[in-house]
Amino acid sequence: MRSAVNYNGDRLRELLATKTSRELSVYDLRTEVEGNLWMLAPEAFRYFLPAFLYASLESYPSLSIFVSELVGALTEPSRTDVVEALDRATMLPSGLGLPDDMTELLRKQQLEWFDSGTPLAIFHERFDSLTPAEGAAILDFFVALQEAHGADFPFGELEIAVDRYWSRYRAFMDN
């Protein structure tokens, strides 16, 4: 029996292998890419990134969950993020969250994964080779997303992404 990850990975690979970035539809993003951005190799992520950014702004109401995931992928990870997300999960009303022992196991696993260096390595492998113009385009995306939908990011997610990494491209905007 194939695992769900393998099945989703195969479907995503097949979709992206048969489409150019301009051919990706909102439906493709919602049904195949959403929830699976983490699976994309750095080269594939960068190839499709302009389409992701454009669709996120143009079709936000249909792609708001995807956009949230994309913002997460565009945010340089920090250990504090992991701790705060897990802390928020423990504040859910009784019956809505995980049992305490499961929460502690999740906390241990997530912190070990972060401490392995993998999340930071993935982020930097995806974005450190961007040109100044490409970085400025992503910064422009954050500015436009903030103006149009900033209220949908109540924990300051857009500002955090910009402050941690993308602000370095301010000098290249509109040049």
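Scroll up for the structure.
These remarks concern the structure in this document. None of the values given here were measured: they were computed from a predicted structure. (Residues numbered from 1 in each chain as written. Predicted model: local features only at pLDDT ≥ 70, side-chain atom pairs only at ≥ 80, totals over all residues. Heavy atoms only, no water.)

## Let's talk about the pattern of salt bridges
Moving on, step 1. Across all of its chains, the model carries eight salt bridges by this definition.
Moving on, step 2. The closest approach of N and O atoms between R13 and D10, which form a salt bridge, is 2.9 Å. Here D10 and R13 lie together in helix α1 (residues 4-18), a separation of three residues that amounts to about one turn.
Moving on, step 3. Residue D10 is classed as partly exposed on the basis of its relative accessible area of 31%. (Salt bridge = Lys/Arg side-chain N within 4 Å of Asp/Glu carboxyl O. Helix = DSSP H or I, 4+ residues; strand = E, 2+ residues; numbered from the N terminus. Buried < 20%, exposed > 50% of the residue type's maximum accessible area, 1.4 Å probe, protein only.)

## Some words on the packing of helix α8 (residues 132-149) against helix α9 (residues 157-164)
Moving on, step 1. Relative to each other, α8 and α9 sit at 160°, their axes nearing to 10 Å. With respect to their mutual orientation, α8 and α9 come out roughly antiparallel. The way α8 lies across α9 gives a crossing that is left-handed. For the pair formed by α8 and α9, the contact residues are L139, F142, L145 and Q146 on the first element and L158, E159, A161 and V162 on the second. (Axes fitted to C-alpha atoms, helices over the stretch in contact; angles between N-to-C directions. Parallel < 35°, antiparallel > 145°, perpendicular 65-115°, else oblique. Left-handed = near helix turned anticlockwise from the far one by under 90°. Contact = heavy atoms within 4.5 Å.)

## Quick notes on the nonpolar core
Moving on, step 1. In this structure, F52, L70, L74, F142 and W166 are the most contacted members of the largest nonpolar core, which totals 39 residues.
Moving on, step 2. Among the secondary structure elements, those contributing two or more residues to this core are α1, α2 (26-33), α3 (42-58), α4 (60-73), α7 (118-127), α8 and α9.
Moving on, step 3. In terms of residues, this core owes the most to one element, α4, which gives seven residues.
Moving on, step 4. When residues no more than four places from it in sequence are discounted, the contact partners of W166 are L74, F123, F127, L130, G135, I138, L139, F142 and A161. (Core = buried A, V, L, I, M, F, W, Y, C linked by side-chain atoms within 4.5 Å.)

## Quick look at the packing of aromatic side chains
Moving on, step 1. Under the definition given, this model contains 13 aromatic pairs.
Moving on, step 2. In this structure an aromatic cluster arises from ring pairing among F45, Y47, F48, F52, F66, F123, F127, Y165, W166, Y169 and F172.
Moving on, step 3. Lying across the ring of F155, R88 places its NZ or CZ 4.6 Å from the centre.
Moving on, step 4. Taking the ring centre of Y165 as reference, the NZ or CZ of R168 above it sits at 4.0 Å. (Phe/Tyr/Trp six-rings, centres within 6.5 Å; stacked < 30°, edge-to-face > 60°. Lys NZ or Arg CZ within 6 Å of the ring centre and 35° of its normal.)

## As for helix α6 (residues 100-115)
Moving on, step 1. The end-to-end C-alpha distance of α6, which contains 16 residues, comes to 22 Å, matching closely the 22 Å that a straight helix rising 1.5 Å per residue would cover.
Moving on, step 2. Those residues of α6 not exposed but buried are T103, R107, L111 and F114. All buried residues of α6 lie within an arc of 60° about the axis, which places them on one face of the element.
Moving on, step 3. Residues of α6 that are buried sit in contact with α5 (79-90) and α7.
Moving on, step 4. Positive backbone phi, approximately 90°, marks G117, located one or two places after α6. (Expected span 1.5 Å × (residues − 1). Arc of directions from axis to C-beta.)

## Overview of a nonpolar patch on the surface
Moving on, step 1. On the surface, a cluster of nonpolar side chains totalling about 330 Å² of accessible area is made up of L98, M102, L105 and L106.
Moving on, step 2. By secondary structure assignment, the location of L105 is in helix α6.
Moving on, step 3. Judged by relative accessible area, L105 falls into the partly exposed class, the value being 41%. (Patch = residues over 30% accessible without salt bridge, like charges linked within 9 Å, V, L, I, M, F, W, Y side chains within 5 Å. Areas by Shrake-Rupley, 256 points an atom, 1.4 Å probe, with all protein chains shown as cover.)

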